Amino acid sequence: MNFSRLIKNCSIPSRWLLANNIRYQSSSAAQNLIQVDINEETGVSVVSLNRKPVNSLSLELFKDFCGVMDDLEREKVRGMVLKSSCDNVFSSGLDITELYPNPSEERFEAFWLWFQESWLKLYASSFPTVAFVNGHAPAGGCVFAISCEYRLMLPYYKIGLNEAPVGIVATEWVMNSLRAVLPGKNAERLLTSGRLLDTQEAFDIGLIDQIVNNEEEAMARSEEFFATFDNVPKLARALTKQVYRKNDLNQLIKNRSSDAKQFLNHILRPETQKIIGSYFKSLKDRKKD
Ligand SMILES: CC/C=C\C/C=C\CCC/C=C/CC(=O)SCCNC(=O)CCNC(=O)[C@H](O)C(C)(C)COP(=O)(O)OP(=O)(O)OC[C@H]1O[C@@H](n2cnc3c(N)ncnc32)[C@H](O)[C@@H]1OP(=O)(O)O
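An unreviewed UniProt entry lists the protein chain under the name Enoyl-CoA delta isomerase 1, mitochondrial, with Chironomus riparius given as the organism. What UniProt states about the protein chain under its Pathway (unreviewed entry) heading is, verbatim, "Lipid metabolism; fatty acid beta-oxidation." Listed in UniProt under the heading Function (unreviewed entry), the comment for the protein chain reads: "Key enzyme of fatty acid beta-oxidation. Able to isomerize both 3-cis (3Z) and 3-trans (3E) double bonds into the 2-trans (2E) form in a range of enoyl-CoA species, with a preference for (3Z)-enoyl-CoAs over (3E)-enoyl-CoAs. The catalytic efficiency of this enzyme is not affected by the fatty acyl chain length."

Encoded structure:
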């Protein structure tokens, strides 16, 4: 695969307003990896990640997610609630089988570029976004949540960026998304310790905005959040958000290719493969105990 062509096809245009230049083709219509439900009355769209059993994030899921985001931009939805349709898990993060054992360069580059693209589309979406964290949200799952504008979470689950203990160094755009939600000191501690916080701890440090007890409450709180923008012209709101987030977006847009190469080099290092391998084995072994 020609890497520079792939980058070009995936690139956000220089205006960095999001792009319809990626031709979206559902990679997995039969698998239905993302479910979308638009409420015609309220204009709110509920997007459910649906890759059983734990919403691990694969290349196909990222592609489908980008397609859904393009559709919602075209539909001019009033707001989006991102949730999971898996029991107890919002998303278990990147699909470890995309990282281990020794992924092919071609697959990995495509995987990483669609991950970047998913983040760009979510982080710069013109419509307001709420993450309803209705299950555990480690690593890449937390990245999805912190890229939204508002976070609601059910009690007794875990959220955080546990990349470091898994042998992965979070990339700068992920760190920037966290810094946008948490004051510097707490963000750095969360990243360097890789600690997963329970719902109450996440609320106490401001990683999530509200604790909700069920989906009904989550939808009511989301509606309240969307209503705060009802008297704001849509374009002014969208541009304000995008200009506010411009530095974070540009950091990735300018470095997409090197970001992907750096991550691939890091993942393919024998020491990294060894750490991810034993982590993955421990996940599997947990079940046998
Ligand atoms: C130089 C470097 C530059 C840049 C680096 C950049 C960036 C980083 C930015 C983002 C990076 C993210 C990295 C990741 O996301 S790595 C993934 C990390 N995820 C985790 O650590 C979570 C692992 N999973 C769990 O803890 C539990 O599964 C969970 C609590 C989510 C759910 O528990 P539950 O008991 O309900 O289910 P399980 O029995 O554990 O799981 C069911 C089966 O699913 C498999 N599984 C779980 N998670 C994953 C995964 N992430 N990928 C693939 N497979 C996964 C699990 O093994 C079970 O499989 P079977 O045993 O049934 O075969």
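(A) Main features of the packing of helix α3 (residues 105-123) against helix α4 (residues 140-147). Put simply, α3 and α4 touch, their axes get as near as 9 Å, and they point 25° apart. Put simply, α3 runs roughly parallel to α4. Residues Phe115, Trp119, Leu122 and Tyr123 of α3 touch α4, and the partners they reach there are Val143, Phe144 and Ser147. Along the lines of polarity and charge, the residues of the contact of α3 with α4 split into 6 nonpolar, 1 polar and no charged.

(B) Layout of the site of the ligand. Residues in contact with the ligand amount to 31 residues; listed here are only the nearest, Leu94, Val169, Tyr279, Arg286 and Lys287. Contacts to the ligand include leucine 94, whose backbone N or O atom sits 2.7 Å from an oxygen atom. Within the side chain of lysine 284, one N or O atom sits 2.9 Å away from an oxygen atom of the ligand. When its residues are assigned to classes, the shell around the ligand shows 17 nonpolar, 9 polar and 5 charged.

(C) Representation of the packing of aromatic side chains within the structure. The full count for this structure, using the stated rule, is 16 aromatic pairs. The ring of tyrosine 123 has arginine 245 lying over it, and the distance from NZ or CZ to the ring centre is 4.3 Å.

(D) Structural detail: the side chain of aspartate 70. Here aspartate 70 is to be found in helix α2 (residues 59-75). Among the polar contacts made by the side chain of aspartate 70, one reaches the side chain of lysine 121 at a distance of 2.9 Å.

(E) Up close: the state of the cysteines. For the coordinates displayed, the defined rule picks out 0 disulfides. Unpaired in terms of disulfides, cysteine 142 finds its nearest cysteine sulfur in cysteine 148, a separation of 11 Å.

(F) The sheet that holds strand β9 (residues 210-211), seen in detail. Spatially, the 6 strands line up as an open sheet ordered β1-β2-β3-β4-β6-β9, and their pairing is mixed. Looking at which strands have only one partner, the edges of the open sheet turn out to be β1 (34-38) and β9. For strand β4 (residues 129-133) and strand β6 (residues 150-153), the ladder comprises 4 bridges, and the chain directions are parallel. Bridging from a neighbouring strand, valine 133 pairs with methionine 153 of β6. Against the sheet, α2 touches β1, β2 (44-49) and β3 (79-84), its axis set at about 15° to β1.

(G) Examining the pattern of salt bridges more closely. Under the criterion given, the structure shown has 17 salt bridges. The salt bridge involving lysine 83 is made with glutamate 215; its shortest N-O contact spans 3.8 Å. Placement of lysine 83 in strand β3 and of glutamate 215 in helix α8 (residues 215-227) is noted, with a sequence separation of 132 residues between them. Judged by relative accessible area, glutamate 215 falls into the partly exposed class, the value being 38%. A salt bridge links arginine 221 to glutamate 224; the shortest N-O distance between them is 2.9 Å.

(H) Quick look at the pairing of β3. In terms of burial, β3 is largely enclosed, as 6 of its 6 residues are buried. Where β2 lies against β3, 6 bridges are found, and the strand directions are parallel. Within the sheet, the bridge partner assigned to leucine 49 lies in β3 and is serine 84. Read as a crossover between parallel neighbours, the route from β2 over α2 to β3 is right-handed. Handedness of the crossover is the feature at issue here: the chain leaves β3, passes through α3, returns alongside β4, and the resulting connection is right-handed.

(I) Examining the pairing of β4 more closely. When you tally the buried positions in β4, you get 5 out of 5 residues, the bulk of the element. Where burial is concerned, the two faces of β4 agree: the one with Thr129, Ala131 and Val133 and the one with Val130 and Phe132 are both buried. Bridge analysis of β3 against β4 gives 3 bridges, and the strand direction is parallel. Residue pairing in the sheet places valine 81 in a bridge with valine 130 of β4.

(J) Expanded view of the side chain of glutamate 149. Note that glutamate 149 resides in the loop between α4 and β6. Among the polar contacts listed, one links the side chain of glutamate 149 to the side chain of arginine 237, at a separation of 2.8 Å. Filtering out sequence-adjacent residues up to four positions away, glutamate 149 remains in contact with Phe127, Pro128, Thr129, Asp209, Phe225, Phe229, Arg237, Lys241 and Arg245.

Calculation criteria
- Position labels on residues start from 1 in each chain and follow its written sequence.
- Predicted model: local features are reported for residues with pLDDT of at least 70 only, side-chain atom pairs are reported and counted for 80 or more only, and whole-chain, interface and lining totals are derived from all residues.
- Side-chain calculation: all heavy atoms of the structure are included, whereas hydrogens and water are not.
- UniProt positions are given in the numbering used here, feature names are shortened, and annotations may be inferred rather than shown by experiment.
- A fitted line through C-alpha atoms serves as each axis, taken over the contacting stretch for helices, and the angle formed by two N-to-C directions is quoted from 0 to 180°.
- Strands are runs of DSSP state E lasting at least 2 residues, helices are runs of H or I lasting at least 4, and numbering of each runs from the N terminus.
- An angle below 35 degrees is treated as roughly parallel, one above 145 as roughly antiparallel, one from 65 to 115 as roughly perpendicular, and anything else as oblique.
- Throughout, a residue-residue contact means that at least one pair of heavy atoms, one from each residue, lies within 4.5 Å.
- Just so you know the grouping, Ala, Val, Leu, Ile, Met, Phe, Trp, Tyr, Cys and Pro go in nonpolar, Asp, Glu, Lys and Arg go in charged, and all remaining residues, Gly too, go in polar.
- Think of it this way: one heavy atom of a residue within 4 Å of a molecule or strand is enough to make that residue near it.
- Polar contact is the term for a pair of N or O atoms within 3.5 Å; when the atoms are in protein, one must be able to donate a hydrogen and the other to accept it, and sequence-neighboring residues count only if both atoms are side-chain atoms.
- Any pair of Phe, Tyr and Trp rings, taking the six-membered ring for Trp, is counted once the centres come within 6.5 Å. Such a pair is stacked with planes under 30 degrees apart, edge-to-face with planes over 60 apart, and tilted for the rest.
- Placement of a charge over a ring requires the Lys NZ or Arg CZ to be within 6 Å of the ring centre, with the centre-to-atom vector within 35 degrees of the ring normal.
- In this description, the term disulfide denotes a pair of cysteine sulfurs within 2.5 Å.
- In this description, strands pair whenever DSSP reports at least two bridges between them.
- Within this document, salt bridges are pairs made up of a side-chain nitrogen of Lys or Arg and a carboxyl oxygen of Asp or Glu, the two lying within 4 Å of each other.
- Each residue is assigned to one of three classes by its accessible area relative to the maximum for its type, calculated with a 1.4 Å probe on protein chains only: buried under 20%, partly exposed between the two thresholds, exposed over 50%.
- Handedness of a crossover is defined as follows: with both strands directed away from the viewer, a clockwise route from the first strand across the helix to the second makes it right-handed.

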